[in-house]
Amino acid sequence: PVMLGAKINLGDDKNHAVVGDLFSKISAMAFACDLTRVVNFAWSGNTSGRVYSNLGITEGHHDISHVSDEAAFAKIRKINAHLWGLNVNLHNNLKAIPEGDGTVWDNTLVVHWNELGQGDQHSTDNDLVVLTGGASKQFRMGRLLQVAKKHSFSDVLVNAFHYMGFTNVTTFGDPRMATGGPMPGLMV
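These notes cover the structure that comes with them. The model shown is predicted, which means the values in this text are computed figures rather than measured ones.

Conventions used here
Residues numbered from 1 in each chain as written. Predicted model: local features only at pLDDT ≥ 70, side-chain atom pairs only at ≥ 80, totals over all residues. Heavy atoms only, no water. Helix = DSSP H or I, 4+ residues; strand = E, 2+ residues; numbered from the N terminus. Rg over C-alpha atoms; globule rule 2.2 N^0.38 Å. Contact = heavy atoms within 4.5 Å. Polar contact = N/O pair within 3.5 Å; in protein donor to acceptor, adjacent residues only side chain to side chain. Axes fitted to C-alpha atoms, helices over the stretch in contact; angles between N-to-C directions. Parallel < 35°, antiparallel > 145°, perpendicular 65-115°, else oblique. Left-handed = near helix turned anticlockwise from the far one by under 90°. Buried < 20%, exposed > 50% of the residue type's maximum accessible area, 1.4 Å probe, protein only. Pairing = 2+ DSSP bridges. Salt bridge = Lys/Arg side-chain N within 4 Å of Asp/Glu carboxyl O. Phe/Tyr/Trp six-rings, centres within 6.5 Å; stacked < 30°, edge-to-face > 60°. Lys NZ or Arg CZ within 6 Å of the ring centre and 35° of its normal.

### Looking at the overall build of the chain
Scanning the chain for helices and strands turns up four helices and four strands. The N-to-C order of helical and strand elements in the chain reads α-α-α-β-β-β-β-α. In terms of overall dimensions, the chain is globule-like: its C-alpha atoms have a radius of gyration of 18 Å, near the 16 Å expected for 188 residues. Taken over the C-alpha atoms alone, the chain extends approximately 50 × 45 × 25 Å along its principal axes.

Below, the structure written as structure tokens:
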């Protein structure tokens, strides 16, 4: 049984970590019950003005992302490190649920992505994509791939579709952003 906590204002920026933690717990429980095997979570919308006052930042995230100086870049890195650190809650929740000879984590692909490589330039080059989870040992993990201008996030998502059994999917999203198939060498 899950104990209900105190009511919180879901729209209050100060509660983003609590809301994210609750979402990761609900997602892990849904996976454990086989209610779903796919979730989508964004810490905020791509034009969010969230102020990360808990990090000592007084400007909104989106506004900072459009400033092209080292001080703004340092703030964005601080926000990204904070959010990526919070993502570990989902990982830990999935690792805590037994499944077969391992855990739900062992049979799950988690895709972390930031939609822009650099916000001030709206660049889609050098996007950071991190694949985690055991993914049923179908992905070659533990390495850094630099594929800028060769492949896109769309291609990575085609690999994810293939992992889920949808091998007829050859592109995802805007066809101008895809090479027309999965990114080679990503899967075993």
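Having seen the structure, we can now continue with the description.
### A closer look at the environment of Ser65
In this fold, Ser65 is placed in helix 2 (residues 61-65). The spacing of Ser65 and Gly173 is 108 residues in sequence and 24 Å in space, taken between C-alpha atoms. With residues near it in sequence (within four places) discarded, Ser65 still touches Ile76, Gly119 and Asp120. Only 2.7 Å separates the side chain of Ser65 from the backbone oxygen of His62, close enough to count as a polar contact.

### Brief notes about the packing of helix 1 (residues 16-32) against helix 3 (residues 70-95)
As a packed pair, helix 1 and helix 3 sit with axes 9 Å apart at the nearest point and diverge in direction by 25 degrees. Comparing the axis directions of helix 1 and helix 3 gives the class roughly parallel. Helix-helix and strand crossings are classified by hand; for helix 1 and helix 3 the assignment is right-handed. The segment helix 1 lies against helix 3, with His16, Ala17, Asp21, Ser24, Lys25, Ser27, Ala28 and Phe31 engaging His82, Leu83, Leu86, Asn89, Leu90, Asn93 and Leu94.

### Brief notes about the environment of Gly134
Counting through the fold element by element, Gly134 comes out in the loop between strand 4 (129-132) and helix 4 (153-163). Sequence separation between Gly134 and Asp21 is 113 residues; the distance between their C-alpha atoms is 21 Å. Not counting residues within four places of it along the chain, the set of residues in contact with Gly134 comprises Trp105, Asp106 and Thr108.

### Overview of the side chain of Asn87
Here Asn87 lies in helix 3. For Asn87, the side chain forms a polar contact with the side chain of Trp43, separated by 2.9 Å. If we ignore the near neighbours within four places in the chain, the residues touching Asn87 are Trp43 and His112.

### Let's talk about the pairing of strand 3 (residues 110-113)
Judged by which residues are buried, strand 3 turns out to be one-sided: Val110 and His112 face inward and are buried, whereas Val111 and Trp113, on the alternate face, are not. Bridge count between strand 3 and strand 4: four bridges; the pairing is antiparallel. Of the residues in strand 4, the one forming a bridge with Trp113 is Val129.

### Side note on the pattern of salt bridges
Applying the stated criterion across every chain yields a total of six salt bridges. Taking the shortest distance from any N to any O, the salt bridge between Arg37 and Glu99 comes out at 2.2 Å. With Arg37 in the loop between helix 1 and helix 2 and Glu99 in strand 1 (residues 98-99), the pair connects residues that are 62 residues apart, well separated along the chain.

### Focus on the packing of aromatic side chains
In the structure shown here, the tally under the stated rule is six aromatic pairs. Taking 4.8 Å as the distance between ring centres and 80 degrees as the angle between the ring planes, the aromatic pair formed by Phe41 and Trp43 counts as edge-to-face. Taking 5.4 Å as the distance between ring centres and 40 degrees as the angle between the ring planes, the aromatic pair formed by Phe161 and Phe172 counts as tilted. Of this pair, Phe161 sits in helix 4 while Phe172 sits in the segment after helix 4; the two residues are eleven residues apart in sequence, bridging distant segments of the chain. A residue is classified by how much of its surface remains accessible, and Phe172, at 39% relative accessible area, is partly exposed. One cation-aromatic arrangement involves Lys95 over Trp105; the distance from NZ or CZ to the ring centre is 4.8 Å.

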